[in-house]
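Each chain, written out:
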Amino acid sequence: MTDALPRTIALTGAAGRIGRALRPHLLTWCSELRLLDLAPLQAEDPRETVHPLDLADREALALALQGCDAVVHFAGYPREAGWDTLLAANVVGVINLWEAAHAAGVQRIVYASSNHAVGLYPRSQTIDGAAPPLPDSRYGVSKVFMEALAAMYAIKHGLRGFGLRIGHCSAAPADARALSHWIHPQDLAQLVQVGLTADYTHEIVYGASANSRSWWADERARALGYRPVHSADPHTTALEAVQSGDPVAEHFQGGSFAAAGFDNARAPFL
């Protein structure tokens, strides 16, 4: 069962790399696309409106979300950083967004979580969306917070949440790790569309193309309608030897994020 596509969508992080890739897809699915970002933006279509704002600005955020049916949330600090940076961008900003969306009557939020929310699982273990969080970094912890907040709002307030534990999104995989967790932008856009239309309360799915080496069993995404059309498999011969050389990074799904600062000398794989 699927719902109708939302008429008005707000895209946070619209000026970012993935936000820019999603923009043309979102435009085909709605009658108004609201572009939210601190970075400079220009409307390129009559259906687009630009809302320059920081998620810390609760008043501006409340105004931008009035009348929105759905939010596609790709704003935030996108890599490892100190706690002060991540708390402001990935925790306080997330709290403000969900509170504003609930107050505005938004029906659902499709949001970018990350593979780093589960990055301390070994690559030898296959996990699914029900796997408990096991973050590999402060950044990963901030994504776990967002997943937990989204679940609370979904169950207590009816604001549906669709979390994407995204691998690496790019036009082509670049190394051996990507053979497992890469996602093509077209497949990511399709997964966002699933989040905008499928019948669920709160879901955690994985953002990966149809990679045979994937560490993630994502039957739930398929059950909701996800049908990836790309795969990292054709790149296997060229990339399987392109590794980091770091035994910690190569052991964990989170790669270099897991290896950074790792000082557990009792780890059995060292």
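As shown above, the structure is provided for reference.
Remember, predicted model here, so these are calculated numbers, not experimental data.

A. Local environment of the overall build of the protein. What the protein contains, in helices and strands, is ten helices and nine strands. In terms of overall size, the protein behaves like a compact globule, its C-alpha atoms giving a radius of gyration of 18 Å where 270 residues would be expected to give roughly 18 Å. Principal-axis analysis of the C-alpha atoms places the extent of the protein at approximately 55 × 40 × 35 Å. For the protein, buried positions account for 52% of its 270 residues. Looking at the protein alone, contacts between residues at least 24 apart form 67% of all its contacts between residues at least 6 apart. Of the roughly 12000 Å² that the protein leaves accessible, carbon and sulfur atoms contribute 54%. Positive and negative side-chain charges in the protein, numbering 21 and 27 respectively, have mean positions lying 2 Å apart.

B. Geometry of the pattern of salt bridges. The tally for this structure, following the rule as stated, stands at nine salt bridges. For E32, the salt bridge identified is with R34, shortest N-O distance 3.0 Å. The exposure class assigned to R34 is buried, which follows from its relative accessible area of 10%.

C. Geometry of the packing of helix α1 (residues 17-27) against helix α6 (residues 185-197). At a closest axis distance of 10 Å, the pairing of α1 and α6 adopts a crossing angle of 60 degrees. Here α1 is positioned oblique relative to α6, judged by the angle of their axes. Between α1 and α6 the crossing geometry is right-handed. Residues I18, A21, L22, H25 and L26 of α1 lie in contact with α6, whose contacting residues are P185, L188, A189, V192 and L196. In the contact of α1 with α6, the residues fall into nine nonpolar, one polar and no charged.

D. Highlighting the sheet that holds strand β2 (residues 32-37). Here we have seven strands laid out as an open sheet, ordered β3-β2-β1-β4-β5-β6-β9, and parallel in their pairing. The sheet terminates laterally at β3 (48-52) and β9 (202-207), the two strands that pair on one side only. In this sheet, adjacent strand axes meet at a mean angle of 15 degrees when their direction is disregarded. As defined by bridge partners, strand β1 (residues 8-12) adjoins β2 across five bridges and the pair is classed as parallel. Counted as the bridge partner of A10 is R34 from β2.

E. Representation of helix α3 (residues 83-104) within the structure. An ideal rise of 1.5 Å per residue puts 32 Å on 22 residues; α3 measures up with 30 Å between its terminal C-alpha atoms. The sharpest bend along α3 reaches about 30 degrees and sits at G93. All of the buried residues along α3 are L86, N90, V91, G93, V94, N96, L97, W98, A100, A101 and A104. Tucked inside the fold, the buried residues of α3 contact β1, α2 (58-65), β4 (70-73), β5 (108-112) and α4 (138-157). At the C-terminal side of α3, G105 shows a positive phi close to 80 degrees.

F. Main features of the environment of E48. Note on placement: E48 falls in strand β3. Classification of E48 as buried rests on a relative accessible area of 5%. In the structure, E48 is positioned 18 residues away from C30 in sequence and 10.0 Å away in space, judged by C-alpha atoms. In contact with E48, other than residues within four places in its own chain, are R23, L27, L33, L35, Q42 and A43.

G. Fine view of the side chain of R123. Its location among the elements puts R123 in the loop between β5 and α4. According to the relative accessible area criterion, R123 is buried, its value standing at 19%. Of note is the side chain of R123, whose polar atom sits 3.2 Å from the side chain of E250. Here the side chain of R123 touches F252 through a polar contact of 2.8 Å, landing on its backbone oxygen. Once you skip the residues sitting within four places of it in the chain, R123 turns out to touch R177, W215, A249, E250, H251, F252, Q253 and G255.

H. Seen up close, α1. Within α1 the residues assigned to the buried category are I18, G19, L22, R23, L26 and L27. Axial view of α1: buried residues confined to an arc of 145 degrees, hence all on one face. As for α1, its buried residues are in contact with β1, β2, β3, β4, β7 (168-169) and α6.

I. Expanded view of the packing of aromatic side chains. Under the defined criterion, the tally for this structure stands at eight aromatic pairs. Between Y206 and W216, the ring centres sit 4.8 Å apart and the planes meet at 20 degrees, which makes this aromatic pair stacked. Here W216 lies in the loop between β9 and α7 (219-223) and Y206 lies in strand β9, a separation of ten residues in the sequence. With centroids separated by 6.0 Å and ring planes inclined at 45 degrees, the aromatic side chains of F262 and F269 adopt a geometry described as tilted. Judged by its relative accessible area of 27%, F262 falls in the partly exposed class. These aromatic residues form a ring-pair network of at least three members: Y206, W215 and W216. Here the guanidinium or amino end of R160 rests over the ring plane of Y200, the centre of that ring lying 6.0 Å away.

Cut-offs and rules
- Residues numbered from 1 in each chain as written.
- Predicted model: local features only at pLDDT ≥ 70, side-chain atom pairs only at ≥ 80, totals over all residues.
- Heavy atoms only, no water.
- Helix = DSSP H or I, 4+ residues; strand = E, 2+ residues; numbered from the N terminus.
- Rg over C-alpha atoms; globule rule 2.2 N^0.38 Å.
- Buried < 20%, exposed > 50% of the residue type's maximum accessible area, 1.4 Å probe, protein only.
- Contact = heavy atoms within 4.5 Å.
- Areas by Shrake-Rupley, 256 points an atom, 1.4 Å probe, with all protein chains shown as cover.
- Lys, Arg positive; Asp, Glu negative; His and termini not counted.
- Charge placed at Lys NZ, Arg CZ, Asp CG, Glu CD.
- Salt bridge = Lys/Arg side-chain N within 4 Å of Asp/Glu carboxyl O.
- Axes fitted to C-alpha atoms, helices over the stretch in contact; angles between N-to-C directions.
- Parallel < 35°, antiparallel > 145°, perpendicular 65-115°, else oblique.
- Left-handed = near helix turned anticlockwise from the far one by under 90°.
- Nonpolar A, V, L, I, M, F, W, Y, C, P; charged D, E, K, R; others polar.
- Pairing = 2+ DSSP bridges.
- Expected span 1.5 Å × (residues − 1).
- Bend = angle between axes of the 7 residues up to and from the residue.
- Polar contact = N/O pair within 3.5 Å; in protein donor to acceptor, adjacent residues only side chain to side chain.
- Arc of directions from axis to C-beta.
- Phe/Tyr/Trp six-rings, centres within 6.5 Å; stacked < 30°, edge-to-face > 60°.
- Lys NZ or Arg CZ within 6 Å of the ring centre and 35° of its normal.

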